[in-house]
Every structure is written in C-alpha cells, then in structure tokens.
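A closer look at the structure
So you can see what is in the structure, the chains are spelled out below.
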Amino acid sequence: WSGVEVHVGGKREAYLGGYGLSMGRQRLLDILAERATDLGVDVQFQREVKDLSEVADADLIVASDGLNSRTRQLFADHWQTDVEVGRNKYLWLGAYHVFDAFTYAFEQTPAGWIWLHAYYLDAERSTCIVECAPETWEGLGFHTLGIDQSIRLLEQIFERQLRGRALINQIHNGERLPWLNFRMISNNHWYHDNVVLVGDSAHTTHFSIGSGTKLAIGDAIALATNLAEHDDLHSALKSYEQQRRPEVAAVQRNAAKSMRWLQDLANYIDQDSVQFAYALSQPFRVRQPFGRYHRNLATPIPALRRV
C-alpha cells in the first residue's frame, strides 16, 4: 500500500508519505511450514505441549508461544517479566473494504473519540483495529452490547471509511466482542538453561507501530546465526540476547511512546488535520523536518506503479 491517510471527523484528510508491504498471516505460515518440511523438520500441528517434560530430550527449546506464553509463566522468577498495561480498549477485526493506504480514521461520538487503524490484507479484505478510551468504550455500551449489536454500531460509526461494507469478526465464542487492553511485555532475561524466548513471548510492541512479526523473524534469524557461530549452547544464547536486546528495546521505546500518545489523544485532537497528522507521526520518530511535511500533508499520495 502507498502512503498514510489521516481522517479526523469531517476535517480535510491529511497525508503522510512512505509505503508498506503486507501479506496474510496464514500465507506466511504456509510458506514457513513448507520450507521447514522441505528441510526435514518434523512439523506437528494440533499438538499442545503442556509441560516441558514432554520435550525433555531436546537440546534446545525455543519458546515462541506468544503474548500469553505458558513457557514464560513456568519460570516467572527467572525471566523477571515486566508488564505495562495500556489504558485504552482495542479490538481486532477485518473489513470487506480494501484500504489502499494505511489509514487512521478518528470519529467523534457522543461518548468521545473512537478510531480505526486500517491496512490492506489482500485483494478483498483489510485488517481493522478499533481503539478508544475506556470511558468511550463504556459510554457506547460495548461492555453490555452483544456481538452483532457491537459490529453494527461500529459499521455505523465508520460508515464513511468502510464505504458501507461489512466488518469481519472471526471470534464467535462468548456473548461479547473480545475487547482488550494492550500489554507491553519485556523480560530481564531471555533464556534459562536450554529454553530461549523469541517473538511476543520475549517482547511485545503496540499495534500502532506493528513490528511484532518482523521482530519475531529477526529473533529467529539472530538465534540461528548465533547457534551456528558458537560451539556451546550457553555462549550462543548469551550472544543472541546481547545482540537482539538493544534492537528490540529501540522499537519498544517507540511503541510505548505511540501507545501513550494515543492514550492522551484528547490533548491533540482539536488541532487542524495537518498539525494533528504531524503530531501523530512523531511517536514513530519519522525523521523529516516539519516544513516538508507541512507542504505535503494535504497532498494525496499517487498510487505506486507496478513494475
């Protein structure tokens, strides 16, 4: 997708430069699984490892079991995990409208501001993350509304951006939509004996800057490289952590800044669209002088030419 669009209520849209590339998560998993199988890896699906004793004969256990990592919980005292819980409520959805630019859409309701982070997924769908302050979430009744009622309300609020197309909810268990508070995870230690953390089990970054999958793949590459370069496991895991920790920490600092900025949205939302878009870009450390942005923010980004 090309560029970033910022929509604030009925104000004129503002534009940021740049571009992005994305692919469906299932497609990525299919590619990785096929590659692993070709290399002779015994890939097992629908197998849940409930206790590490089940893999006691392994030379190395790579715990890539996500934000709610069970492996991390087994050695909680060792990892010394720090968790910062975000104030805002958020919700992952899809949409049948295809966004050809990364889009921020802020809409004012009687209960306060609510907004979309939306981006291209494939030729028929986009990913949409809805976010708002807890007061807005409760004021709109999401704590009591059923799933279908909640979806219809969100489709009404973001009708302009969705062009009247439907939102997609892939979670149908329970009576209400699974709204969450983001949790920023960091660990003082990334390995213990022959167990090592990678990806979201080791660190998370706020969805407003993405990077979760990119960081996880970066972890895997660094881990594999260090295992190949060191003769003993402890040295390899120590070098892996020393290499990746500062790289991840820099991204996490920006992610935390972005998360807190959105939590303080009321301090910025009354600016005109150009000033607001510039302020929105700052948590990402976009290194461009304001003057250049000020000239370009109100100009639509031309579509990328396919070559």
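The preceding data block contains the structure.
What comes next concerns the included structure. (Residues numbered from 1 in each chain as written. Predicted model: local features only at pLDDT ≥ 70, side-chain atom pairs only at ≥ 80, totals over all residues. Heavy atoms only, no water.)

1. Brief notes about the overall build of the protein chain
A tally of regular secondary structure across the protein chain gives 10 helices and 11 strands. Its C-alpha atoms give the protein chain a radius of gyration of 21 Å, within 12% of the compact-globule value 19 Å for 307 residues. Burial analysis of the protein chain (307 residues in total) assigns 43% to the buried set. Here the contacts in the protein chain between residues at least 6 apart in sequence split such that 69% fall between residues at least 24 apart. Surface accessibility of the protein chain: about 17,400 Å² in total, with carbon and sulfur atoms responsible for 50%. Charged side chains in the protein chain number 31 positive and 37 negative. The centres of these two groups are separated by 8 Å. (Helix = DSSP H or I, 4+ residues; strand = E, 2+ residues; numbered from the N terminus. Rg over C-alpha atoms; globule rule 2.2 N^0.38 Å. Buried < 20%, exposed > 50% of the residue type's maximum accessible area, 1.4 Å probe, protein only. Contact = heavy atoms within 4.5 Å. Areas by Shrake-Rupley, 256 points an atom, 1.4 Å probe, with all protein chains shown as cover. Lys, Arg positive; Asp, Glu negative; His and termini not counted. Charge placed at Lys NZ, Arg CZ, Asp CG, Glu CD.)

2. Notes on the environment of W261
Structurally, W261 can be placed in helix α8 (residues 233-263). By relative accessible area, which is 9% here, W261 ends up buried. C-alpha separation for the pair W261 and L280, spaced 19 residues apart in sequence, amounts to 8.0 Å.

3. Comments concerning the side chain of S201
Following the sequence through the fold, S201 ends up in the loop between β11 (195-197) and α7 (212-229). With near-sequence residues (within four places) excluded, S201 lies in contact with A63, S64, D65, G66, L67, S69, R72, I185 and N187.

4. A look at the sheet that holds strand β10 (residues 191-192)
Taking strand neighbours across the sheet as the criterion, the 3 strands line up as β3-β11-β10 in an open arrangement whose pairing is mixed. Here the strands that pair on one side only, and so sit at the sheet edges, are β3 (61-63) and β10. Examined bridge by bridge, β10 and β11 share 2 bridges and lie antiparallel to one another. Its bridge partner lying in β11, H192 is registered against V195. (Pairing = 2+ DSSP bridges.)

5. A closer look at helix α1 (residues 25-38)
Here α1 spans 20 Å end to end across 14 residues, near enough to the 20 Å set by a 1.5 Å rise per residue. Following α1 by one or two positions, G40 has its phi on the positive side, about 90°. (Expected span 1.5 Å × (residues − 1).)

6. Considering the environment of V274
Considering the arrangement of structural elements, one finds V274 in helix α9 (residues 273-281). For the pair formed by V274 and Q263, sequence separation is 11 residues and the distance between their alpha carbons is 20 Å.

7. Remarks on the environment of E131
Looking at the secondary structure, you find E131 in strand β7 (residues 126-132). What E131 contacts, discounting residues up to four positions off in sequence, is N88, K89, Y90, I114, W115, H117, H206, F207 and L262. There is a polar contact of 2.9 Å between the side chain of E131 and the side chain of H117. (Polar contact = N/O pair within 3.5 Å; in protein donor to acceptor, adjacent residues only side chain to side chain.)

8. Focus on the pairing of strand β6 (residues 112-120)
For a regular strand, side-chain orientation follows a simple rule: the groups alternate between the two sheet faces. The buried fraction of β6 is high, at 8 of 9 residues. Judged from the 7 bridges that link them, strand β5 (residues 102-109) and β6 form a sheet pairing that is antiparallel. Counterpart to A105 in the pairing with β6 is L116. Across 7 bridges, β6 lies against β7 in antiparallel orientation. Residue pairing across strands places Y120 opposite S126, the latter belonging to β7.

9. Some remarks on the nonpolar core
Of all hydrophobic cores here, the largest spans 25 residues; its most connected members are I114, V130, F142, L154, F158, L167 and W179. Broken down by element, this core gets its largest block of residues, 5 residues, from helix α5 (residues 147-157). One finds Y119, I269, F276 and A279 within the second-largest nonpolar core, a separate group that totals 19 residues. (Core = buried A, V, L, I, M, F, W, Y, C linked by side-chain atoms within 4.5 Å.)

10. Quick look at the side chain of H203
The residue H203 is located in the loop between β11 and α7 in this model. Under the relative-accessibility criterion, H203 is labelled buried at 2%. Here the side chain of H203 touches D219 through a polar contact of 2.6 Å, side chain to side chain. Those residues within four positions of H203 in sequence are excluded, and the remaining contacts are I185, W190, L215, D219, V248 and Q252.

11. Some points on the pairing of strand β2 (residues 14-19)
Bridge count for strand β1 (residues 2-8) against β2 is 4 bridges, and the pairing is antiparallel. Counted as the bridge partner of E5 is Y15 from β2. Connecting β1 to the next strand, β2, in antiparallel fashion are 5 residues, including G9 with a positive phi near 55°.

12. Some thoughts on the pattern of salt bridges
The tally for this structure, following the rule as stated, stands at 10 salt bridges. A salt bridge links E84 to R260, with the shortest nitrogen-to-oxygen separation between them at 2.8 Å. Of the two residues, E84 sits in strand β4 (residues 81-95) while R260 sits in helix α8, which places them 176 residues apart along the sequence. The exposure class of R260 is partly exposed, given its relative accessible area of 40%. A salt bridge links E241 to R245, with the shortest nitrogen-to-oxygen separation between them at 2.6 Å. Here E241 and its partner R245 are both found in helix α8, 4 residues apart, which amounts to about one turn of the helix. You can call E241 buried: its relative accessible area is 11%. (Salt bridge = Lys/Arg side-chain N within 4 Å of Asp/Glu carboxyl O.)

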